[in-house]
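Remarks on the overall topology
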Amino acid sequence: MNFVKRQIHRCAKSVLTALVCGAAVVMVSCQQLDESVGAQSKEAPLDLTWTAVQYTESPPSDVVLGHIEDATNTKLSIIWVADAMKEDKLNIALASDALTKIVTIQDIRNSAFLSAVRAGAFWEIGPYLSQFSNLNAMDKTILQNTSIDNKIYGIYRERDLSRQGIIYRKDWLDQLKLEAPSDLESLYKVMEAFTKNDPDGNGLHDTYGLTDRNDLKFGAFQTLASYFGAPNDWGWMGGELQPAFMFSAYKDTMKFMRKLYEGKLMNEQFAVTSKQQQWEEFTKGRAGVYIGNMDDGRNLYKTLIQSNPKAEIDLVNRINGPDGKPHVWSQAGHNGIFVFPKSQVKSEAELLRILEFFNRLADPELIYMLNYGVEGIHYKLENGDMVELLSNESERWEQEVRPLISLMGVRALAIRPQGDPLREKSDRLTEDNRSFLVVNPAASLDSPTANERGGELNVIIQNATNSFILGLLDEQGFDKEVERWKKLGGDQIIQEFNAGYAGRS
């Protein structure tokens, strides 16, 4: 952060110049920016149509977008598509060839999109990335995860690889004179003590350890499974890719959670608990451990202290597994990609200008705009480092800035606000997670059977896993459900993933 801000301040006199330069400028140095003004100012603005996903109630106004247009020498015409309608709209647009120059693809395994890619409808951009400083610096793991048939067709919408960890009530831990958990045994003991030893000191038996929800991936289960050493969705067994639920560490995780459930150390209704209900168990002071996205800690804390101003929470990310080492599952590092249809982007020259636009969007001052808006309108800087949203403009920020997260692509230089201790710690631990990630080796592979039937097949395993934790299935019963998964299409998925991996090598 300090380095980035020093660079921005060092270039202060050239920022206005950069705002005029436009999308074709690759920011190598302040001197080069100044030298480029004459040439770039003669170039006409690049007209860009863009289909973007709208995650908020309404699309943004043009306040920040106008600054971005000036900074990138573009004229943006954005079609905002509601999140709930994005797949239907995409399928219709693909079928009718009613596409824009930039199209947001959130589900890169969408069968209609894959068919269009393989039919040559979109530009392959991999060979061009080395020409642009920020795009050339894109994370190789994330690029591989977005590849199709081992080729790169889009600019990824970058997300952290893993924010998974544990959020816990530090005041309860201190009350019971316990240390922060560092392995699975101490984690269990903390949850047991939060259940049995009156951590809130009110003399009642009204607290418990873990609050969980009906989500095996983003709830507690998959993070605990990675602590136990389970693969991330898929792993290697006997020289072949096999699904994680066929590994012994997966069963160890089920047994661990079954022990929590039988000991009443977690919420009994977890299998039908929504995320909002899970949060309420924590913020209303009933549960003391939340396993999931560590960045949730900020909002959990803000709600918690409204009813208990003395409450404290803390975060931990390193939980040693049976092998004495920490492991944590990695997401794909993206939320889809931006792609460029050949029917709209008709020449290589035009494609290069669009790639220059995305390269420019990854520069520090434009990352600031997409995240925080315009300095002096939506936020202010303190001590040259801290981003503080202007409290009197919070509603304006919600309307004019928050929707722009949909346009965020590469974060070549990650810029984060300071001044929030939980956010700062979450960021540090997220960065630390990168040193012991468990990646999914099948993340970029395609299986027609999984595309067509994966959802219904996954329900078999989800139900079997929850049933085991609830004591409704024994290990033999779980194995029978796995065999049913295999017979109904799972064996075909395994075969297709392994064939795809072999073809990629």
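Bear in mind that the values here come from a model prediction, so they are computed numbers and not experimental data. Per chain, the residues get numbers from 1 upward, laid out in the order the sequence is written. In keeping with the model being predicted, local features are shown solely for residues with a pLDDT of at least 70 and side-chain atom pairs are shown and tallied solely at 80 or more, while totals for entire chains, interfaces and linings include all residues. Calculation of side-chain values draws on the structure's entire complement of heavy atoms; hydrogens and water are dropped beforehand.

**Overview of the pattern of salt bridges**
Any Lys or Arg side-chain nitrogen found within 4 Å of a carboxyl oxygen on Asp or Glu counts as a salt bridge. Evaluated as defined, the whole model comprises 32 salt bridges. Residue Asp174 is joined to Lys170 by a salt bridge in which the shortest nitrogen-to-oxygen separation is 2.8 Å. Within this pair, Asp174 and its partner Lys170 are both found in helix α9 (residues 170-175), separated by 4 residues, close to a single helical turn. Looking at Lys170, the relative accessible area reads 27%, which means it is partly exposed. Across the pair Glu475 and Lys255 runs a salt bridge whose closest N-O atoms are separated by 3.5 Å. A run of DSSP states H or I qualifies as a helix once it reaches four residues; a run of E qualifies as a strand once it reaches two. Both are numbered from the N-terminal end. Partly exposed residues are those whose accessible area sits between 20% and 50% of the maximum for their type, while under 20% is buried and over 50% is exposed, using a 1.4 Å probe and protein chains only.

**Details of the nonpolar core**
Residue types Ala, Val, Leu, Ile, Met, Phe, Trp, Tyr and Cys, when buried and joined through side-chain atoms within 4.5 Å, form a set referred to as a nonpolar core. Judged by nonpolar contacts, the single largest core of 63 residues is most densely connected at Trp50, Ile155, Phe340 and Phe358. Per-element tally for this core: the top contributor is helix α15 (residues 348-361), with 7 residues. Counting 53 residues, the second-largest nonpolar core is a separate cluster that includes Leu210, Met254, Phe256 and Val289.

**What about the sheet that holds strand β12 (residues 334-339)?**
With mixed pairing, the 5 strands of this open sheet are ordered in space as β2-β1-β3-β12-β4. Among the strands making up the open sheet, the edge pair consists of β2 (74-82) and β4 (155-158). Across the sheet, the axes of successive neighbouring strands diverge by a mean angle of 25°, strand direction being ignored. Note that β4 and β12 share 3 bridges and pair antiparallel. Bridged to Ile155 within β12 is Phe338. When DSSP locates at least two bridges between a pair of strands, those strands are taken to pair. Between N-to-C directions, angles cover 0 to 180 degrees, with each direction set by a line fitted to C-alpha atoms, over the stretch in contact for helices.

**Concerning the packing of aromatic side chains**
Only the six-membered ring of Trp is used, alongside the rings of Phe and Tyr, when aromatic pairs are assigned; centres must lie within 6.5 Å, and planes under 30 degrees apart are stacked while those over 60 apart are edge-to-face, with the rest tilted. Inspection of the entire model under this criterion finds 20 aromatic pairs. Ring geometry for Phe245 versus Trp485: centroids 4.9 Å apart, planes at 85°, classification edge-to-face. One end of the pair, Phe245, is in the loop between β8 (240-243) and α12 (248-262); the other, Trp485, is in helix α20 (residues 475-504), and 240 residues separate them in sequence. Connected via pairs of aromatic rings, a cluster forms that spans Trp50, Phe338, Phe340, Phe357 and Phe358. When the ring centre of Phe468 is taken as reference, the NZ or CZ atom of Arg258 above it lies at 4.8 Å. Its guanidinium or amino end placed over the ring of Trp123, Lys342 lies 5.7 Å from that ring's centre, counting from NZ or CZ. Note on criteria: charge over ring means Lys NZ or Arg CZ within 6 Å of the ring centre, with the direction from the centre no more than 35 degrees off the ring normal.

**Remarks on unusual backbone geometry**
Residues other than glycine seldom take positive phi values, yet Asp97 does so here, at roughly 55°. Among the structural elements, Asp97 can be located in the loop between α5 (86-96) and β3 (102-105). Phi angles above zero are rare outside glycine, and Asn150 is one such case at about 65°. Structurally, Asn150 is set in the loop between α8 (140-146) and β4.

**Regarding the sheet that holds strand β6 (residues 208-211)**
Taken in spatial order, the 4 strands of this open sheet run β6-β9-β5-β10, and their pairing is mixed. Edge strands, defined here as strands with exactly one partner in the open sheet, are β6 and β10 (313-316). Averaged over neighbouring strand pairs, the angle between their axes works out to 25° when direction is ignored. The criterion used for residue contact is that any of the two residues' heavy atoms lie within 4.5 Å. Strands β5 (164-169) and β10 of the sheet are contacted by helix α18 (residues 421-433), whose axis makes an angle of about 10° with β10.

**Some remarks on the side chain of Asn498**
Mapped onto the elements of the fold, Asn498 is located in helix α20. Among the residues examined, Asn498 registers a relative accessible area of 16% and is labelled buried. Any pair of N or O atoms that falls within 3.5 Å is considered a polar contact. Within protein, one atom must be able to donate a hydrogen and the other to accept it, and sequence-neighbouring residues count only if both atoms are side-chain atoms. Polar contacts involving the side chain of Asn498 include one to the main-chain amide nitrogen of Leu241, which spans 2.8 Å.

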